[in-house]
Amino acid sequence: MILIAVSGSTFTDWVFVEDGQIVDREQTEGINPYFQTRKEISRSIRLGLPEEYFRKKLQKIYYYGAGCSNEDKKKIVSQSLVSQFKTPAVVESDLLAAARGLCIDRPGLVCILDAGSNSCLYNGNEIAKNVKSCGYILGDEGSASYIGKSLLSDILKGLAPEDLAEVFYRQQKTSLNEIMSAVYDLPLPHYYLSSLSFFLKDYLHIDYVRQLITEGFRTFMRRNLCQYPYQQYPVYFTGSVSVAYSAILKEVCQEFGFRPMRIEDSVIYGLITYHTAHS
């Protein structure tokens, strides 16, 4: 039996797999070694999962997560996993999870549009090229945090439609001072910005809203995807934003001259296929 875990900004999926089949599945809070210490991660794992999970006989743990892009951060997560499960753990980035989960062993261009955004050229075995995401301040184009930031900026500067701004303040039960505090004073402002992007789902009939999301996707294409040989490879998307606004995403893809092969919310089943084949 193996354990596959995929962790994003908001939650972690834990899947126990035997002979290619899911035996158990659980969901806990998100993990990120950039914002959590080894001790905090261990505590999150221990308190989030049922006690019997730590008594299962596992061959190996395959963990993919946000923030696991360098060896130091991978080590923090790996040590936490080993301390709790007493099992060898392989820790990789959420981008490699997307590549393996969507492409399996085939080459392709893989894009994540979630709380943040990222992309890579996957050669069927490893990530061959990656245009840096740069985070919510310098990058993350087309992501939930990027769209949320654009929306807030337009509302505060009076550029968003007045009736939409009024609905926003009412639904979010917020004020100018609370918004400024959430962005500049409180921890993890990108999570706050990300949460606001999905306010727009109910207002896609408004031209302003469609244009705001469209421009976010166009910026992602220009600054990220166009740096790859995208006309030579199939393109795959995953993440909550790509699913929520898939119709607009497909329109922008067509505008740039390619058609996405798949737009998936979860890569878990693809990872099960991958690790079953490579066990």
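Quick look at the structure, then. It should be emphasised that the depicted structure is a prediction, and the values quoted were computed from it without experimental measurement.

This part takes up the overall build of the protein. Helix and strand content of the protein: twelve helices and ten strands. When each of the 279 residues of the protein is scored for burial, the buried share is 50%. Taking all contacts inside the protein whose residues are at least 6 apart in sequence as the whole, residues at least 24 apart take part in 65%. In the protein, which carries 29 positive and 31 negative side-chain charges, the distance between the mean positions of the two groups comes to 6 Å.

One key point about sheets: their strands pair by backbone hydrogen bonds, in either a parallel or an antiparallel sense. The five strands lie next to each other as E3-E2-E1-E4-E5, forming an open sheet whose pairing is mixed. Whereas interior strands pair on both sides, the edge strands pair on one side only; in this sheet they are strand E3 (21-29) and strand E5 (89-93). Taken pair by pair, the neighbouring strands of this sheet meet at an average axis angle of 15°, ignoring direction. Relative to strand E4 (residues 60-65), strand E1 (residues 2-7) runs parallel, the two sharing six bridges. Within the sheet, the bridge partner assigned to Ile-4 lies in E4 and is Tyr-62. Sheet strands touched by helix H3 (residues 94-103): E1, E4 and E5. Its angle to E5, the strand with the most contacts, is close to 90°.

We now examine the layout of surface pockets. If you add up the space inside the second largest pocket, you get close to 270 Å³. Contributing to the lining of the second largest pocket are 13 residues, with Lys-149, Leu-152, Val-183, Tyr-184 and Leu-193 lying nearest its centre. Contributing elements (two or more residues each) for the lining of the second largest pocket: helix H4 (135-138), helix H5 (144-156), helix H7 (176-184) and helix H8 (189-197). The residue inventory of the lining of the second largest pocket, partitioned by class, reads ten nonpolar, one polar and two charged.

Here the focus is the pattern of salt bridges. In this structure the tally under the stated criterion is ten salt bridges. Here Asp-13 ties to Arg-25 by a salt bridge, and the two come within 3.5 Å at their closest N and O atoms. Here Asp-13 is found in strand E2 (residues 11-18), whereas its partner Arg-25 is found in strand E3, with twelve residues between them in sequence. Accessibility expressed as a relative area gives 10% for Asp-13, which makes it buried. Arg-25 sits in the partly exposed class, given a relative accessible area of 34%. A salt bridge links Lys-74 to Glu-92, with the nearest nitrogen and oxygen atoms 3.1 Å apart.

What counts and how
- Residues numbered from 1 in each chain as written.
- Predicted model: local features only at pLDDT ≥ 70, side-chain atom pairs only at ≥ 80, totals over all residues.
- Heavy atoms only, no water.
- Helix = DSSP H or I, 4+ residues; strand = E, 2+ residues; numbered from the N terminus.
- Buried < 20%, exposed > 50% of the residue type's maximum accessible area, 1.4 Å probe, protein only.
- Contact = heavy atoms within 4.5 Å.
- Lys, Arg positive; Asp, Glu negative; His and termini not counted.
- Charge placed at Lys NZ, Arg CZ, Asp CG, Glu CD.
- Pairing = 2+ DSSP bridges.
- Axes fitted to C-alpha atoms, helices over the stretch in contact; angles between N-to-C directions.
- 1 Å grid on protein atoms, 1.4 Å probe; cavity = no way out; pocket = protein on both sides within 12 Å on 5 of 7 lines; lining within 4 Å.
- Points joined across faces, edges and corners; volume = space filled by probe spheres on them.
- Nonpolar A, V, L, I, M, F, W, Y, C, P; charged D, E, K, R; others polar.
- Salt bridge = Lys/Arg side-chain N within 4 Å of Asp/Glu carboxyl O.

Honestly, it's all geometry; don't read function into it.
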